[in-house]
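Residue-level structural notes
Letter by letter, the chains look like this.
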Amino acid sequence: MGTLPPMVARMNRQVVLAERPQGRVTADCFSMVEVPVPELAPGEALLQVHWVGIDPSIRGWISERGSYMAPVGIGEVVRASGVGVIVETTDPDRYPVGTAYTALTGWQEYRVFAPDEFPPVTAVPPGVRLLDAMNTLGQLGLTAHLGVLEVAKPQPGETVVVSAAASGVGSLAGQIAKLQGATVIGIAGSPEKCAWVCDDLGFDACIDYKRENVDARLKELAPKGIDVYFDNVGGELLDTVLRRIATRGRVVLCGDLATYDTDEPAPPLHNVKYLMGRRARMEGFNTLDHWSRLGEAHADLVQWIADGRLIRREHAIAGLEHAPEALVRLFDGDHLGKLVVQVAPDATF
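What this report covers is the structure whose coordinates are included nearby. (Residues numbered from 1 in each chain as written. Predicted model: local features only at pLDDT ≥ 70, side-chain atom pairs only at ≥ 80, totals over all residues. Heavy atoms only, no water.)

Let us look at unusual backbone geometry. The phi dihedral of Lys153 is positive, around 50°, even though this residue is not glycine. Along the chain, the position of Lys153 falls in the loop between helix H3 (139-152) and strand S8 (159-163). The class for Lys153 is partly exposed, based on a relative accessible area of 47%. Non-glycine residue Arg279 carries a positive phi angle of around 50°. Residue position: Arg279 is located in the loop between helix H9 (273-277) and strand S13 (281-284). Residue classification places Arg279 among the partly exposed residues on the basis of a relative accessible area of 47%. (Helix = DSSP H or I, 4+ residues; strand = E, 2+ residues; numbered from the N terminus. Buried < 20%, exposed > 50% of the residue type's maximum accessible area, 1.4 Å probe, protein only.)

Okay, here's the thing in structure tokens:
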């Protein structure tokens, strides 16, 4: 009797960092490799990645200086958030086959889970869309929720300004501020984006920074000053808004899109002086600083989605091989909502 042929190893396509970007990131900074999926050790499980997120934080992770995490090494899988489904397991009690999880999957088709993952992986509750688990109920939604409610704390009647208002975080932060009874002004980069945040998301106004004078429009729309600035951009736009900060105003530093994708130093902030005179404060934050509030934040987001009070949107690009192009596109700003890449051909939504 002849012997059976060996099983064909499952292969894993990965996008790895080939070289660090000099200035703006380009698709040439990455390469595609294919490696065998290793056999699972006791306690491990194999996640098939369905979707990966394209977020500004990736640009910081692939730079030499890194960000709040160590930089991705040359030849390593690009770090990114993602969501997928368990397809093999050696610990069905902890990681049952068919269960969906969100994690730092990276840009790859498969990810092996260790028995004690850190940061912890999160099971997607039954009935929740995988894209919601990575978007509104994931890092973006938690960032918007905690940044608005734990750091900015807008009060009814206050004026809140949100930059990158059509982005994943910005679109959610503005809606959450509206739920608190604030007047919300967005800043975005096209008439289409401004129309979306006003007509669909319910912002009270939106300034097209590419076509309008932001300072003049802020003076017109917020004559008494800006109580909260939820900043996703930094740079010159931050300096412009500081000129209009109100007494006891709060500036929440959430992102720095203006300088993520460049090696040039950030422009000086000439208007910081207004913080002192108006007894305002400017604060950076990270969701890890509010770990104890994650459960409450998640519950709020689930309820707001169920009630139809939180509108979310994804811009999907099919094919893992297009992840580098998607990152370039992120900084071109030609999309609405959360930018995602479909990894599995039959990805679950």
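On we go.
Within an α-helix, residues lying three or four positions from one another point in the same direction, as the helix has 3.6 residues per turn. End to end, helix H10 (residues 294-306) covers 18 Å across 13 residues, agreeing with the expected 18 Å (1.5 Å per residue, within 8%). Looking only at H10, the buried set comprises Leu294, Ala297, Leu301, Trp304 and Ile305. The arc that holds the buried residues of H10, viewed along the axis, is 100°, so those residues lie on one side. Exposed residues pointing more than 90 degrees away from the buried face of H10 are listed as Gly295 and Ala306. Contacts from the buried residues of H10 go to helix H2 (130-134), H3 and helix H4 (168-179). Two residues or fewer after H10 comes Gly308, characterised by a positive phi angle close to 75°. (Expected span 1.5 Å × (residues − 1). Arc of directions from axis to C-beta. Contact = heavy atoms within 4.5 Å.)

Take the environment of Asp208 next. Along the chain, the position of Asp208 falls in strand S10 (residues 205-208). The exposure class of Asp208 is buried, given its relative accessible area of 4%. Separated by 16 residues in the primary sequence, Asp208 and Glu192 have C-alpha atoms spaced 9.5 Å apart. Among all residues touching Asp208, those that are not within four sequence positions of it are Ala188, Gly189, Ser190, Pro191 and Cys194. Separated by 3.1 Å, the side chains of Asp208 and Arg211 make a polar contact. (Polar contact = N/O pair within 3.5 Å; in protein donor to acceptor, adjacent residues only side chain to side chain.)

Attention now moves to the packing of aromatic side chains. Per the stated rule, a full pass over the model turns up five aromatic pairs. Between Phe30 and Trp107 the ring centres are 5.4 Å apart and the planes differ by 55°, which places this aromatic pair in the tilted class. Of this pair, Phe30 sits in strand S2 (residues 30-36) while Trp107 sits in the loop between strand S5 (100-103) and strand S6 (110-113); the two residues are 77 residues apart in sequence, bridging distant segments of the chain. As far as burial versus exposure is concerned, Phe30 and Trp107 are alike and both buried. Where Tyr95 meets Tyr101, the ring centres are 5.7 Å apart and the plane angle is 75°; that geometry is what we call edge-to-face. Residue classification places Tyr95 among the buried positions, given a relative accessible area of 3%. (Phe/Tyr/Trp six-rings, centres within 6.5 Å; stacked < 30°, edge-to-face > 60°.)

With five of six residues buried, strand S9 (residues 183-188) lies mostly within the body of the structure. Strand direction decides the pairing type here: S8 and S9, joined by five bridges, are parallel. Each residue of the ladder has a partner; that of Ser163, found in S9, is Ile187. Taken together, S8, H4 and S9 constitute a β-α-β crossover, and its handedness is right-handed. Note that S9 and S10 share four bridges and pair parallel. Residue pairing for S10: Gly186 is matched across the bridge by Cys206. Viewed along the sheet, the connection from S9 through helix H5 (residues 191-200) into S10 turns out right-handed. (Pairing = 2+ DSSP bridges. Right-handed = clockwise from strand over helix to strand, strands pointing away.)

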